[in-house]
Amino acid sequence: MATLKANLRSMIDQELHDLCQPLTVLFCRLELGQLMGDADSMKVALQGALMECRRACDGIALMRRRLDEICDESGRE
Amino acid sequence: MRVLVVEDDKALGMFLQKGLALAGYQVDLAGDGEAALASASEQRPDLMVLDLGLPRLDGTEVLAQMRALYCDVSVLILTGRSDVEERIRCLNFGADDYVMKPFSFHELMARCTGILRRRERHSSAVLNYGELEINRVDHSVRRGGWEIDLTAKEYALLEFMMLRRGECCTRAELLRELWQMSPDAATNIVDVYINYLRRKLAAACPDGKFSSAVIETVRGAGYRLASAPMPIPAAILRQNDAARA
């Protein structure tokens, strides 16, 4: 149980860290688009934001897979 | 002001470079720890925005080497980990501040500005703004060459505004920074001291020939130093020289 907890904690910490990257870019891109205010800037911001959303979704999918792996491993133990 | 962004995530690095450049900084970008140290030695930035999780040389190691080699460079840490001990370690190593990811660009800018403002405050002994000059070592103040006698609080207020160089200083900010009071405190102490300062700055020239207001009121917000400082009229300069002689 203690090993499972430690593995989970380490995995979640790592995945949260990786998730922070696209979320930061997403947040900042939209803010910058809003700051500049013109249509072109908003368009660029939205394109970039969509890309970062996909990156964040990939991160979440990876997190789910890793969580399943850890649960499977602990089941075998 | 020169800023070095050290971030291995290309999208984030490029975004930060673009955003800080738009805010008026000269920005360099490095994608790993070794490149960061090389760039710092070449460019000597005023501020390094440093991600901790870097390839080739870890962010904490970059910070330690920066402190050993270039102690005059300010460092703002970016971290995606919630580990308190890591943040304490970075601050003990000499980081000036840190921001947790994900962060707002406005927060990052505010922290960069804060660090650079504190840095500016400690860097230059003599500050000039238009016809005003203050010496931060002996706390002397001159306007158009005429010496002005200020109390400690009046001097602190003027110095704070000089460092902002024409930007608006809100009452809340002045209360917090100079009087250590809550921004909501029911007091007019800021306005009272601004009046003292205005009177002393206006009375600087014995014949009262300074026509320009040094401190402007920003309605509903606070005060700022006049945005377009008036040059000193030649006639006044001549009188000042004659009086000094």
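All values reported here derive from a predicted model rather than from experimental measurement.

About the thresholds
Residues numbered from 1 in each chain as written. Chains lettered and ligands numbered in written order. Predicted model: local features only at pLDDT ≥ 70, side-chain atom pairs only at ≥ 80, totals over all residues. Helix = DSSP H or I, 4+ residues; strand = E, 2+ residues; numbered from the N terminus. Buried ≥ 20, exposed ≤ 12 C-beta atoms within 10 Å, placed from the backbone. Pairing = 2+ DSSP bridges. Right-handed = clockwise from strand over helix to strand, strands pointing away. Contact = placed C-beta atoms within 7 Å. Axes fitted to C-alpha atoms, helices over the stretch in contact; angles between N-to-C directions. pLDDT = per-residue confidence, 0-100. Arc of directions from axis to C-beta. Core = buried A, V, L, I, M, F, W, Y, C linked by C-beta atoms within 7 Å. Nonpolar A, V, L, I, M, F, W, Y, C, P; charged D, E, K, R; others polar.

### Considerations on the environment of isoleucine 189 of chain B
Considering the arrangement of structural elements, one finds isoleucine 189 of chain B in helix 8 (residues 189-202). Put simply, isoleucine 189 of chain B and leucine 174 of chain B are 15 residues apart on the chain and 9.9 Å apart in space, counted from C-alpha to C-alpha.

### Comments concerning the pairing of strand 4 (residues 74-79) of chain B
All names here are of chain B. The buried fraction of strand 4 amounts to 6 of the 6 residues, a majority that puts the element mostly inside the structure. Residue alternation in strand 4 divides its side chains into two sets, Ser74, Leu76 and Leu78 and Val75, Ile77 and Thr79, and both sets are buried. Bridge analysis of strand 3 (residues 47-51) against strand 4 gives 5 bridges, and the strand direction is parallel. Considered in strand 4, the bridge of methionine 48 is made with valine 75. Between strand 3 and its parallel partner strand 4, the chain crosses via helix 3 (residues 59-69), and the hand of that crossover is right-handed. Bridge count for strand 4 against strand 5 (residues 97-100) is 4 bridges, and the pairing is parallel.

### Examining the sheet that holds strand 10 (residues 169-170) of chain B
Residues and elements named next belong to chain B. Here 3 strands make up an open sheet; going across it, the order is 10-12-11 and the pairing antiparallel. Among the strands making up the open sheet, the edge pair consists of strand 10 and strand 11 (215-218). In this sheet, strand 12 (residues 222-225) lies alongside strand 11 in antiparallel orientation, the contact comprising 4 bridges. Bridge pairing in strand 12 links isoleucine 215 to leucine 225. Across the sheet, helix 6 (residues 152-164) lies against strand 10 and strand 12, angled at about 70° from strand 12, the strand it touches most.

### Structural notes on the confidence of the model for chain B
A low pLDDT means the predicted coordinates there should not be read in detail. Residues and elements named next belong to chain B. Per-residue pLDDT for chain B has a mean of 84; in total, 87% of the residues score no lower than 70. Note on residues 228-237: pLDDT is under 50 here. Beyond four places in sequence and across chains, it has 11 contacts. What the predictor reports for the complex is a pTM of 0.59 with an ipTM of 0.76.

### Side note on the environment of aspartate 9 of chain B
All names here are of chain B. Assignment of secondary structure puts aspartate 9 in the loop between strand 1 (2-6) and helix 1 (10-22). When the 22 C-beta atoms within 10 Å are taken as the criterion, aspartate 9 is described as buried. A C-alpha to C-alpha distance of 9.0 Å links aspartate 9 and leucine 54, two positions 45 residues apart in sequence.

### Concerning helix 3 of chain B
Within helix 3 of chain B, the full set of buried residues consists of Gly59, Val62, Leu63 and Met66 of chain B. Down the axis of helix 3 of chain B, the buried set is contained in an arc of 100°. They therefore lie on one face.

### Side note on the nonpolar core
Note that soluble globular proteins tend to have their nonpolar side chains buried in a common cluster. Residue and element names in this part refer to chain B. With 40 residues, the main nonpolar core has Val5, Val6, Met48, Val49, Leu50 and Val75 as its most contacted residues. Beyond its immediate stretch of four places on either side in the chain, leucine 50 contacts Val6, Gly59, Val62, Leu63, Val75, Leu76, Ile77 and Leu78. Within the second largest apolar cluster, 17 residues are counted, among which are Ile148, Cys169, Leu174 and Ala204.

### Here's the deal with the interface of chain B and chain A
Taken together, the contact pairs 13 residues of chain B with 12 residues of chain A. Secondary structure elements with two or more residues in the side of chain B that touches chain A: helix 1 and helix 5 (105-123) of chain B. For the side of chain B that touches chain A, the element with the highest residue contribution is helix 1 of chain B, accounting for 4 residues. Within the side of chain B that touches chain A, the residues separate by chemical class into 6 nonpolar, 4 polar and 3 charged.

### A look at the sheet that holds strand 7 (residues 132-135) of chain B
Residues and elements named next belong to chain B. In space, the 4 strands of this open sheet follow the order 6-7-8-9, with antiparallel pairing throughout. Edge positions in the sheet fall to strand 6 (126-129) and strand 9 (146-148), since each has one partner strand and no second. On average, adjacent strands in this sheet sit at an angle of 25° to one another, irrespective of strand direction. Sheet contacts for helix 6: strand 6, strand 7 and strand 8 (141-143); angle to strand 7, the most-contacted strand, approximately 115°.

### Some details on unusual backbone geometry
Excluding glycine, residues mostly have negative phi values, and the peptide bonds linking residues are mostly trans. All names here are of chain B. In this structure, the amide linkage connecting lysine 101 to the following residue, proline 102, adopts the cis form with an omega of -5°. Assignment of secondary structure puts proline 102 in the loop between strand 5 and helix 5. We note that arginine 56 has phi near 75°; this positive angle belongs to a residue other than glycine. Looking at where arginine 56 falls in the secondary structure, it is placed in the loop between strand 3 and helix 3. Owing to 14 C-beta atoms within 10 Å, arginine 56 belongs among the partly exposed residues under this scheme.

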